[in-house]
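Overview (structure and organization)
Take a look at the letters that make up each chain.
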Amino acid sequence: MYRYVVTRLLLAIPTLVGAAALVFILMRLIPGDVCVIRMGSGGAHVNEAAVEACRMKLGLHDPLPLQFGRFLWNYFTFDFGTSMWSGNPVVVEIGKRLPVSLQIAVMATLIAILLAIPLGTISALKENTWLDHIVRVLAIAGIATPSFWLGIMSLVLVLDVTYYTTGKAWMPPIDYVSFWSDPLRNLSIVALPAITVGYRYSAVTMRLTRSAMLEVLREDYIRTARAKGLIEKIIINRHALKNALLPVVTLIGIEFAFLIGGLVVTEQVFNLNGIGRLFVQAVQNQDNVLTQALVMLVVAIFVITNLVVDVLYAWLDPRIRYS
Amino acid sequence: MTVTTPDRATLAPPKDETADLHRSPWRKVRDFIRRQPLGTVGLVIVIIMFLAGALSPWIAPFDPEENDFTAMMQAPGVLHWLGTDQLGRDIFSRLVYGARTAMLVGFSAAIVGGLIGLVLGVASAYFGGWFDLVFQRVLDVLMAFPLIILALAVVAVFGTGVFNVIVAITIPLIPRCARVVRASALAVREIPYVDAARALGFSHARIVLRHMVPNVVAPFLILLSAFVGQAILAEASLSYLGLGVQEPVPAWGLMLQGGAEEYATTAPWIAVFPGLAIVMAVLGISLFGDALRDAIDPKLRDR
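Everything numeric here is computed off the predicted structure, so don't read it as measured data.

Broken down by element type, chain A carries 13 helices and 0 strands. Listing the helices and strands of chain A from first to last along the sequence gives α-α-α-α-α-α-α-α-α-α-α-α-α. In terms of its C-alpha atoms, chain A occupies a principal-axis envelope of roughly 85 × 65 × 35 Å. Relative to its 323 residues, chain A shows a buried fraction of 45%. The contacts in chain A between residues at least 6 apart in sequence include a share of 69% that link residues at least 24 apart. If you sum the accessible surface of chain A, you get close to 16400 Å²; carbon and sulfur atoms cover 68% of it. Chain A carries 26 positive and 20 negative side-chain charges, and their two centres are separated by 8 Å.

Next up, the structure:
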């Protein structure tokens, strides 16, 4: 187990370095370097001397491999530079906005698990009944519906319902407060985004739970368990579900990382100041320093989640550990 | 100990396994419709969307850009079937023209990305060795970017607009395709005819393109249908964020921009219909893709 964890950890490093290289190259493909964009924004006359001084200071004349090495080292020491738009350090900008996004991501994951695993299991147990059909339609609708439109629709619904019942349209507040200081206000902010993102997430998970469960239920050891007279509840919980959930664990992990991508659009809908919104603003403002930091953040989250999932998987399934 | 007598089924002549190959295309279509009613519905939706996109100028009753300031935010009715938006534009006409953008971006990104991924994936499996090893690591890196994040990063570099959006969505689809295709191609590579072709002195390019690619087409087609759906969703998301297709090109994602909250009580149809169009398009292609998978490879059913 120890060996396995170390190997996986070492394999994650080239992925991160490769991603950094890709981001580094992409950002250098943008016409005009950081200095030109910073000095020349707003169509003002570009002071050549100032641009040159800035280039010298940032070392833009150094050979590219050296620049890349410095880029890597800065990231390794958690120095992500300063935002070109606000002038604040990128760490501060991200730190301010991370809590909202993380809370929505965690809540969406919980919603997805609580919905998907019971529904997927029931759907598999009652295969081809009306219950199964309803669950499957729910799942496929969840995959086809863009979460941002679901978000818009839920906002419209809340506005309409409050307008016609109380006469005054109510919208969830947009200024984030932490759960610990004002739980009710906090929940009224994050509940809708978490549900809309969580629904899509649960749809994917539901489909996998159902198909994994169907596969396991046809295994010989389930027949054996039935033959020796075990009660159905134990067969399902202890024998079937335990095995069927193995691939589901992986999917939940992978989807968690991709959730951050989905938040980019959902936060826009709900006007939430999370990292997704920050990402869009960074791209719109051509704040390349911020953009590359955010891309790297998302990739790092993905790599780390994958690592955790793999280790968890090995811990759950001895076959992986010893192969 | 009793000897069980074989029942009628086992006595019946064995079913001709190759029967499928000899049927006429028309029968295959009829069989598909009978066995996959949901998939047929999906296919019909996709065809309708496709026709709407191809024939937009003849279908749309109004110019999608025409502002009729005497008829702003009108409810769906006889003249404006799905109502008008806050600028007095006919929503149905805009949806029809939006289908053109959605289909163009969805299909071109999926097909181009899919084909590049197909060739790369098969080549990687065929050559093996260090090429495969390096290629695998490159795929690992590319797969670490969520689709929309990589697409946004590409837009940050190349800018917005229809063509750039297609490029931005194509790039993240390539590794996703290559990975799946490589897995199938690895199995094909073990089949002796590949070695036979090599022994006959065929070139690498010929073996990859003529002998291996056709044998991984089944999983590829299933993948492709999923990609079209993902690409349509990605285009809608990018356009909604203002970082995709730009006005005046009509796009469903653009139609959802603004308007939703402000007009929730007065004109909810502005936000409802474009979203429904996206759902219909993606649902249609997913249903068809699911049915295609069942029809091509029953082993993969319900995966």
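Side chains of nonpolar character tend, in soluble globular proteins, to be buried together. Within the largest apolar cluster, 146 residues are counted, with the highest numbers of intra-cluster contacts made by Phe148(A), Ile152(A), Val122(B), Ile169(B) and Trp252(B). With 16 residues, helix α6 (residues 91-127) of chain B is the single largest residue contributor to this core. Split by domain, the residues of this core number at least three in each of domain 1 (2-76) and domain 2 (90-322) of chain A. In terms of nonpolar packing, the next biggest core, distinct from the first, is built from 13 residues, Ala124(A), Ile235(A), Ala240(A) and Leu241(A) among them.

What follows deals with the interface of chain B and chain A. Listed by partner, the interface residues are 41 residues for chain B and 50 residues for chain A. Summing the contributions of chain B and of chain A, the shared interface buries around 4000 Å²; its carbon and sulfur component is 77%. On the surface where chain B and chain A come into contact, there are 1 salt bridge. Here Asp290(B) and Arg207(A) are joined by a salt bridge, their closest N and O atoms 3.5 Å apart. Breaking the side of chain B that touches chain A down by element, the ones donating at least two residues are α7 (129-143), α8 (147-158), α12 (217-241) and α14 (269-296) of chain B. Broken down by class, the residue content of the side of chain B that touches chain A amounts to 30 nonpolar, 4 polar and 7 charged.

Attention now goes to helix α10 (residues 232-269) of chain A. Here α10(A) is 38 residues long, yet its end C-alpha atoms lie only 45 Å apart, well below the 56 Å a rise of 1.5 Å per residue gives. Looking at the residues trailing α10(A), positive phi occurs at Asn271(A), about 55 degrees.

As for its placement among the helices and strands, Trp58(B) is situated in helix α5 (residues 56-59). Separated by 56 residues in the primary sequence, Trp58(B) and Gly114(B) place their C-alpha atoms 32 Å from one another.

Below, the discussion takes up the packing of aromatic side chains. On inspection of all chains with the given rule, the structure shows 15 aromatic pairs over all chains. Geometrically, the ring pair formed by Phe50(B) and Phe107(B) is edge-to-face, given 5.1 Å between the ring centres and 75 degrees between the ring planes. Taken as a pair, Phe50(B) in helix α4 (residues 37-54) and Phe107(B) in helix α6 lie far apart in primary sequence, 57 residues in all. Judged by relative accessible area, which is 42%, Phe50(B) ranks as partly exposed. One aromatic cluster is present, formed by Phe24(A), Phe68(A), Phe71(A), Tyr75(A), Phe78(A) and Phe80(A) through successive ring pairs.

Turning our eyes to something else, we now look at the environment of Gly274(A). Residues and elements named next belong to chain A. Relative to the helices and strands, Gly-274 is located in the loop between α10 and α11 (275-284). The spacing of Gly-274 and Leu-16 is 258 residues in sequence and 23 Å in space, taken between C-alpha atoms. Not counting residues up to four positions away in its chain, the partners in contact with Gly-274 are Arg-97, Val-100, Ser-101 and Glu-267.

Basis of the calculations
- Residues numbered from 1 in each chain as written.
- Chains lettered and ligands numbered in written order.
- Predicted model: local features only at pLDDT ≥ 70, side-chain atom pairs only at ≥ 80, totals over all residues.
- Heavy atoms only, no water.
- Helix = DSSP H or I, 4+ residues; strand = E, 2+ residues; numbered from the N terminus.
- Buried < 20%, exposed > 50% of the residue type's maximum accessible area, 1.4 Å probe, protein only.
- Contact = heavy atoms within 4.5 Å.
- Areas by Shrake-Rupley, 256 points an atom, 1.4 Å probe, with all protein chains shown as cover.
- Lys, Arg positive; Asp, Glu negative; His and termini not counted.
- Charge placed at Lys NZ, Arg CZ, Asp CG, Glu CD.
- Core = buried A, V, L, I, M, F, W, Y, C linked by side-chain atoms within 4.5 Å.
- Domains from an automatic or database assignment.
- Buried area = accessible area lost by both parts, 1.4 Å probe.
- Salt bridge = Lys/Arg side-chain N within 4 Å of Asp/Glu carboxyl O.
- Nonpolar A, V, L, I, M, F, W, Y, C, P; charged D, E, K, R; others polar.
- Expected span 1.5 Å × (residues − 1).
- Phe/Tyr/Trp six-rings, centres within 6.5 Å; stacked < 30°, edge-to-face > 60°.

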